[in-house]
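Structural features, examined
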Amino acid sequence: MKRLQSTEAIIAIVLILVMVLIGLVNPAFWGVGNLFSLAKANVVIGIMALGVLLIMISGGIDVSFPAIAAAALYITVRTMVALDYDGVLLPFIAACVIGVALGAFNAFIIDRFKMIPLIVTLGTASIVRGLVLGLLGTSIVNINKMPDGLIAFGSQNIATATASNGANVGLTGMVLVYVAIAFVIHFILKHTMTGRSVYAYGGDPEAARRAGVNTRRTIFFVYCTAGLLAGFAGLLHSSMIWQANPRDFIGLELDVIAAVVLGGASIFGGRGSVLGTMIGVFTLVMVKNSLILMKVDTTWQRVVVGAIIIIATAITAWRDRKKLA
C-alpha cells in the first residue's frame, strides 16, 4: 500500500491516465512508429535529466548543461572532421572530458566563492556559448561531412516493425545506453556513501558537514557528473541526428528541469529518484509529442511546459512543507 502512495507510483498512475486519454483523443498515439519515436526522444533529454537530478538532490541548480552539451559535441565533431578521424570511443571520451572540465569549473566557483549555483551556471552557459560561436564559428556540420563511424553508432536499432503507413520503423539501440546510465546513477545514489552524501548535503548542508560529509567533494561530484552526462548526451545527439550544430539545445534547460521536478525531485534538495525522473522525462516528452500530433503551435507548447514547471514545483513545495509541519 505504501508503494502505491509513493511519488513514483502517483506519477506513473497519472502518466498512464494521460496516455489513455491522449490515445482516445488521437488513436495515432498508439502507432508503433510514434511509440518508437517517443522512446528515441527520451534518450538525450533523459541522460541530461539524470545529471540535473544529482544537482537538484544536492540542493543546487544547473542551467549550463545545454551549452556544455553543445560545446562538447561541436568541438569533438569539428576535431574529428579536421583530423579525418572515424572512430567512436575516443570522441565520446573527449566529449565527456570536456563536460567534466566545464562541470568542475562550475563546482570550483560555487564551492570556492560560495556563490548561488543559478548565477554561476548562467554565467558559464553564456561564456561557453560565446567562446564556441566566436572561436569555432556557426557553420553546421551536415550529414555529408559527419564521420561515418558516428552515424553508424547512432543508427543502430534493437527492433524493427512496419508502421500503419507501410514504412519500416526501428527502435533505437540508444535506449539501452540510457537505461544503463540510469541504473548506474541509481546504484550510486542508493548504495554508495557518495550517494548518501548527496542526499545529506541537499537535506541540510550544515548538518551534513558536522556529520563528516566532505561537502567540497560532494559539490564537485554532482557538477562534474552532470557535465560528463551533458557532454556524452551532446555527442550522442549528434550521432543520432547526423549533424553538429553549435546552436543546439538552446532553451532545453526548461524542459529538462521541468521533467526532473515533474518526477518528484524537490527544489529544496534532499529528495528525488532516478525512476521518478525517468517517468517525468517520459511524461514531458509524451505531452510535447501529443501537442505536435494535435498540430499545436510551438509557442503554445512552451506555455504548456512552463505551466508544468509551476504546477509540479507547487506540488513538491506543498509536499515538503507538509512533511516539515
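Structural data are supplied above this passage.
Source: prediction; values computed, not measured.

The secondary structure content of the protein amounts to 13 helices and two strands. For 325 residues, the compact-globule estimate of 2.2 N^0.38 gives 20 Å, and the protein sits close to it at 20 Å. By its C-alpha atoms, the protein is 60 × 50 × 35 Å across when sized along the principal axes. Buried residues in the protein amount to 49% of all 325 residues. Total accessible area on the protein stands at roughly 15,800 Å², and carbon and sulfur atoms take up 68% of it. Seen as two clouds, the 23 positive and the 13 negative side-chain charges of the protein have centres 8 Å apart.

Time to look at the side chain of Asn42. Of note, Asn42 is situated in helix H2 (residues 32-57). There is a polar contact of 3.3 Å between the side chain of Asn42 and the backbone nitrogen of Phe282. When neighbours within four sequence positions are excluded, Asn42 is seen to be in contact with Tyr178, Val281, Phe282 and Val285.

Let us now look at the pairing of strand S1 (residues 157-162). Here is the key point about a regular strand: its side chains alternate between the two faces of the sheet. Here S1 runs beside strand S2 (residues 168-172); their pairing, made up of five bridges, is antiparallel. Within S2, the residue paired with Ala159 across the bridge is Leu171. Where S1 hands over to S2, the hairpin turn is made up of five residues, of which Gly166 adopts a positive phi near 90°.

We now examine the packing of helix H7 (residues 174-191) against helix H10 (residues 215-241). A packed helix pair is summarised by two numbers, namely the angle formed by the two axes and the spacing between the axes. Two elements in contact, H7 and H10, have axes whose closest approach is 12 Å; the angle formed by their N-to-C orientations is 175°. Looking at the two axes, H7 sits roughly antiparallel to H10. Contacts from Met174, Val177, Ile181, Ile185 and Ile188 of H7 reach H10 at Phe221, Thr225, Leu229, Phe232, Leu236 and Met240. In the contact of H7 with H10, the residues fall into 10 nonpolar, one polar and no charged.

Our next topic: helix H5 (residues 117-136). Compared with the 28 Å implied by 1.5 Å per residue over 20 residues, the 28 Å span of H5 between its first and last C-alpha is a close match. Lining the buried residues of H5 we find helix H3 (65-83), helix H4 (89-113) and H10. Count one or two residues on from H5 and you reach Gly137, which has phi positive near 95°.

Calculation notes
Residue numbers run consecutively from 1 along every chain, following the written order of its sequence. Selection of residues for local features in this predicted model requires a pLDDT of at least 70, selection of side-chain atom pairs for listing and counting requires 80 or more, and totals for whole chains, interfaces and linings are taken over all residues. Computation of side-chain values: all heavy atoms of the structure, hydrogens and water removed. Here a strand is any run of E in DSSP of at least two residues, a helix any run of H or I of at least four, and the numbering for each starts at the N terminus. Only the C-alpha atoms count toward the radius of gyration. The rule for a globule is 2.2 Å times the residue count to the power 0.38. Remark: exposure states derive from per-residue accessible area (1.4 Å probe, protein chains only) relative to the maximum for the residue type, with buried under 20%, exposed over 50%, and partly exposed in between. To be clear on the numbers: accessible area is Shrake-Rupley with a 1.4 Å probe, and residue cover counts the displayed protein chains and nothing else. By the counting scheme adopted, Arg and Lys are positive, Glu and Asp are negative, and His together with the chain ends is not counted. To locate a charge, take NZ of a lysine, CZ of an arginine, CG of an aspartate or CD of a glutamate. Definition of a polar contact: a pair of N or O atoms within 3.5 Å, with one able to donate and the other able to accept a hydrogen when the atoms are protein atoms, and with sequence-neighbouring residues admitted only if both atoms are side-chain atoms. By the convention used here, residues are in contact when the closest approach between their heavy atoms is within 4.5 Å. In this scheme, strands are said to pair when DSSP sees at least two bridges between them. Note on geometry: axes are C-alpha line fits, over the in-contact stretch for helices, and angles between N-to-C directions span 0 to 180 degrees. Oblique is the label for any angle not under 35 degrees, not over 145, and not in the 65 to 115 range, which are roughly parallel, roughly antiparallel and roughly perpendicular in turn. Gly counts as polar in this scheme, as do all residues outside two lists: the nonpolar Ala, Val, Leu, Ile, Met, Phe, Trp, Tyr, Cys and Pro, and the charged Asp, Glu, Lys and Arg. Each helix should span, by expectation, one fewer than its residue count multiplied by 1.5 Å.

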